[in-house]
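Survey of secondary and tertiary structure
The lines below spell out each chain.
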Amino acid sequence: MAADQTVHGVPPSLSARVVGSFAYLTVRDRLPTILTKVVDTIHRNKNNFFEEYGEVGIQAEKQAISLLSKLRNELQTDKPVLALTDGLPDTDSWNQYLERQQRLQGDQEPVSWFKSPWLYVECYMYRRIHEALLLNPPISDFDVFNEGKTQSFTESSQAVMSLCTYLESINNNIDELSKNQLFEHFSKLMQVSLWGNKCDLSISAGQENSQKTSPLDSLYSLLPFILVDDTKRVWSALISAQRPRESGKTNADRVDIVLDNAGFELVTDLVLADFLVSSGLARQIHFHGKSIPWFVSDVTAKDFQWTIRQAMATNHKWVSKCGVQWQRYLKEGMWCYHDHPFWTQPHEFCDMAADAPDLYTTLQGADLVLFKGDLNYRKLTGDRDWEHTVSFETALRGFRPAPLCSLRTLKANIQVGLQLGQGEKLTSQDPSWMTNGKYAVIQFHNPKSE
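Residues numbered from 1 in each chain as written. Predicted model: local features only at pLDDT ≥ 70, side-chain atom pairs only at ≥ 80, totals over all residues. Heavy atoms only, no water.

With 15 residues, helix α4 (residues 91-105) ought to run about 21 Å at 1.5 Å a step, and its terminal C-alpha atoms sit 21 Å apart, in line with that. The inward-facing, buried residues of α4 abut α5 (118-134). One or two steps after α4, the chain reaches glycine 106, where phi turns positive at roughly 85 degrees. (Helix = DSSP H or I, 4+ residues; strand = E, 2+ residues; numbered from the N terminus. Expected span 1.5 Å × (residues − 1). Contact = heavy atoms within 4.5 Å.)

Below, the discussion takes up unusual backbone geometry. With the exception of glycine, the majority of residues adopt a negative phi angle, and the majority of peptide bonds are in the trans configuration. Omega for the bond connecting proline 137 with proline 138 falls within 30 degrees of zero, at 10 degrees, which places this linkage in the cis form. On the secondary structure map, proline 138 appears in the loop between α5 and α6 (146-154).

Among all positions of helix α15 (residues 357-364), only Leu359, Tyr360 and Leu363 are buried. Each buried residue of α15 lies within a common arc of 100 degrees when the element is viewed along its axis, so the set occupies one face. Looking at the packing, one finds that the buried side of α15 touches β3 (250-258), β4 (282-288), α14 (352-355) and β6 (368-372). (Buried < 20%, exposed > 50% of the residue type's maximum accessible area, 1.4 Å probe, protein only. Arc of directions from axis to C-beta.)

A few words now on the packing of aromatic side chains. Inspection of every chain in the model, using the stated rule, returns 30 aromatic pairs. A centroid spacing of 6.0 Å and a plane angle of 70 degrees characterise the contact between phenylalanine 371 and phenylalanine 399, whose relative ring orientation is edge-to-face. With a gap of 28 residues between them, phenylalanine 371 in strand β6 and phenylalanine 399 in the loop between α17 (392-396) and β7 (404-409) connect regions that are remote in the sequence. The residues phenylalanine 371 and phenylalanine 399 share a single accessibility class, namely buried. Members of the aromatic cluster, each reached through a chain of ring pairs, are Phe287, Phe304, Trp326, Tyr329, Trp335 and Tyr337. Taking NZ or CZ as reference, arginine 378 lies 3.8 Å from the ring centre of tryptophan 118, over its face. (Phe/Tyr/Trp six-rings, centres within 6.5 Å; stacked < 30°, edge-to-face > 60°. Lys NZ or Arg CZ within 6 Å of the ring centre and 35° of its normal.)

Moving on: the pairing of β3. On a regular strand, one side chain projects to one face of the sheet and the next to the other, so that they alternate. For β3, the buried fraction is high: 8 of the 9 residues fall into the buried class. Across 2 bridges, strand β2 (residues 243-244) lies against β3 in antiparallel orientation. Pairing of proline 244 across the sheet is with threonine 250, part of β3. Here β2 folds back onto β3 in antiparallel fashion, the turn holding 5 residues, of which glycine 248 has a positive phi close to 95 degrees. When β3 meets β4, the two strands line up parallel, connected through 6 bridges. (Pairing = 2+ DSSP bridges.)

Here we take up the confidence of the model for the chain. In this model, the chain carries a mean pLDDT of 94, and residues with pLDDT of at least 70 account for 95%. Confidence drops under a pLDDT of 50 for residues 1-5, and excluding neighbours within four residues, the segment shows 13 contacts in the predicted structure. (pLDDT = per-residue confidence, 0-100.)

So, on to the packing of helix α8 (residues 179-196) against helix α11 (residues 264-278). Packing of α8 against α11 leaves a shortest axis separation of 8 Å and a crossing angle of 160 degrees. Here α8 is positioned roughly antiparallel relative to α11, judged by the angle of their axes. Our pair here, α8 against α11, has a crossing hand that is left-handed. Residue-level contacts link Leu182, His185, Phe186, Leu189, Met190, Val192, Ser193 and Gly196 of α8 to Phe264, Glu265, Thr268, Asp269, Val271, Leu272, Phe275 and Leu276 of α11. When its residues are assigned to classes, the contact of α8 with α11 shows 10 nonpolar, 4 polar and 2 charged. (Axes fitted to C-alpha atoms, helices over the stretch in contact; angles between N-to-C directions. Parallel < 35°, antiparallel > 145°, perpendicular 65-115°, else oblique. Left-handed = near helix turned anticlockwise from the far one by under 90°. Nonpolar A, V, L, I, M, F, W, Y, C, P; charged D, E, K, R; others polar.)

Attention shifts here to the nonpolar core. Core analysis: the biggest nonpolar cluster contains 80 residues, and Trp113, Met125, Ile129, Met352, Phe371 and Phe399 have the highest contact counts within it. Here the element with the most residues in this core is α5; it accounts for 11 residues. Excluding its chain neighbours within four sequence positions, the residues that come into contact with isoleucine 129 are Leu35, Val38, Leu68, Leu71, Val144 and Phe145. The next biggest cluster of nonpolar side chains, apart from the first, holds 64 residues, and it includes Cys164, Leu219, Ala252 and Leu266. (Core = buried A, V, L, I, M, F, W, Y, C linked by side-chain atoms within 4.5 Å.)

Attention now moves to the packing of helix α7 (residues 157-172) against α8. Their axes nearest at 12 Å, the elements α7 and α8 cross at an angle of 165 degrees. Put simply, α7 runs roughly antiparallel to α8. Seen from above, α7 lies across α8 with left-handed handedness. Between α7, through Leu163, Tyr166 and Ile170, and α8, the contact on the second element is made entirely by His185, Lys188, Leu189 and Val192. A class-by-class count of the residues in the contact of α7 with α8 yields 5 nonpolar, 1 polar and 1 charged.

Turning to the environment of glutamate 393, a few remarks are in order. Turning to its location among the elements, glutamate 393 is positioned in helix α17. The spacing of glutamate 393 and leucine 380 is 13 residues in sequence and 9.8 Å in space, taken between C-alpha atoms.

For β4, a buried count of 6 out of 7 residues is recorded, marking the element as mostly surrounded by other parts of the structure. With respect to chirality, the unit in which β3 leads through α11 into the neighbouring parallel β4 is right-handed. Strand direction decides the pairing type here: β4 and strand β5 (residues 335-338), joined by 4 bridges, are parallel. Within the sheet, the bridge partner assigned to isoleucine 285 lies in β5 and is tryptophan 335. (Right-handed = clockwise from strand over helix to strand, strands pointing away.)

Right, let's get into the environment of valine 192. For valine 192, the location among the structural elements is in helix α8. For valine 192, a relative accessible area of 2% translates into the label buried. Along the primary structure valine 192 and leucine 259 are separated by 67 residues, whereas in three dimensions their C-alpha atoms are 14 Å apart. Sequence-distant contacts of valine 192, defined by excluding residues within four places in its chain, comprise Leu163, Pro215, Leu216, Leu219 and Thr268.

Among the structural elements, arginine 127 can be located in helix α5. Of the residues examined, arginine 127 reaches a relative accessible area of 0% and is grouped as buried. Within the structure, arginine 127 has its side chain in polar contact with the side chain of aspartate 86 (distance 2.6 Å). (Polar contact = N/O pair within 3.5 Å; in protein donor to acceptor, adjacent residues only side chain to side chain.)

This is the structure:
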């Protein structure tokens, strides 16, 4: 059976088979551009490699570039997808996934770049970039995307200052705030975290993409662009999870945030997390990031620690105060960072219970899980050609570890949970509404209320 047929009411995966589709244009144009930038970044660091490692560094640089140039050629000429050879702990599961894809596609054609699910081949490209470096010590740990991520943070300094100043103003009289006032701040910071997702370097193929102005100033004007806004339902889930503590406070036990981009977006997530803890809405925050450099600007453990250190060292009273507080939260265990390898695999999240049961069990311990960004939305919904009116719950296909919310600006041609006629109206007004990053959703599902 071909992989692009609808089975049991589940539509096919989006792929580059359809010439002119967003998936096709991504695989044809955007992915090779990203690979070219990766090669250029490695080459520009040649002197640094030489200074640090001598001749062996230069040799590693040449070999890594050779592997990446070969990868680019495979992609552009729609060659078969190859098994990984680097022997990392996740290599076997990647190669098993390739076999699974081949079984789905049948024997008539090999799994290849343009004929296979877009979600799979895009994830695979980033894993192969990692392999090219991994096979070439001593530059194995080099993060080819680091420059862009640090630049995004640095160039967003004004926005970071205004956000930390706003947080300080809330924290100054947090105990006097009514429930309604708390909700207003919660709603604002959810929106800031949502629109922070615009700063995505994989969509701009690594072009500069920072936040220059205060995000708080534009929230009202952006409201019409939020196509689904379940903020009140998210709030209700958090409030209903409140339980008394020994300290005398009542709060939800835990909120998990599945992170997306480093740079400014990560700051918006840290500010939201700080507010959840300082307001007593949650006792603990678990962050989930990526274990390897991923999708150009995704958060790794290094990015997470670097951002907090930068905040601490910033010559701005409230930013540095935030940084010190965030470091304290980590030290005292109120904040935890995890990077399970499942997040850097190509699976739809409905596979998690079977393929990463330990991670699924971890998420089940949360009172609320916030999924940031477009890639997480694609994995939540299987990156499939769903009708816009299909419910979010249906598209999750049984993925229900805990109450969950997607905070996502639209950058891929998939969107579910819309009202009848809403998608058609948007298409007539703005044909690229699903991919231009102008629109967003705060979309919630609570398995506990079924």
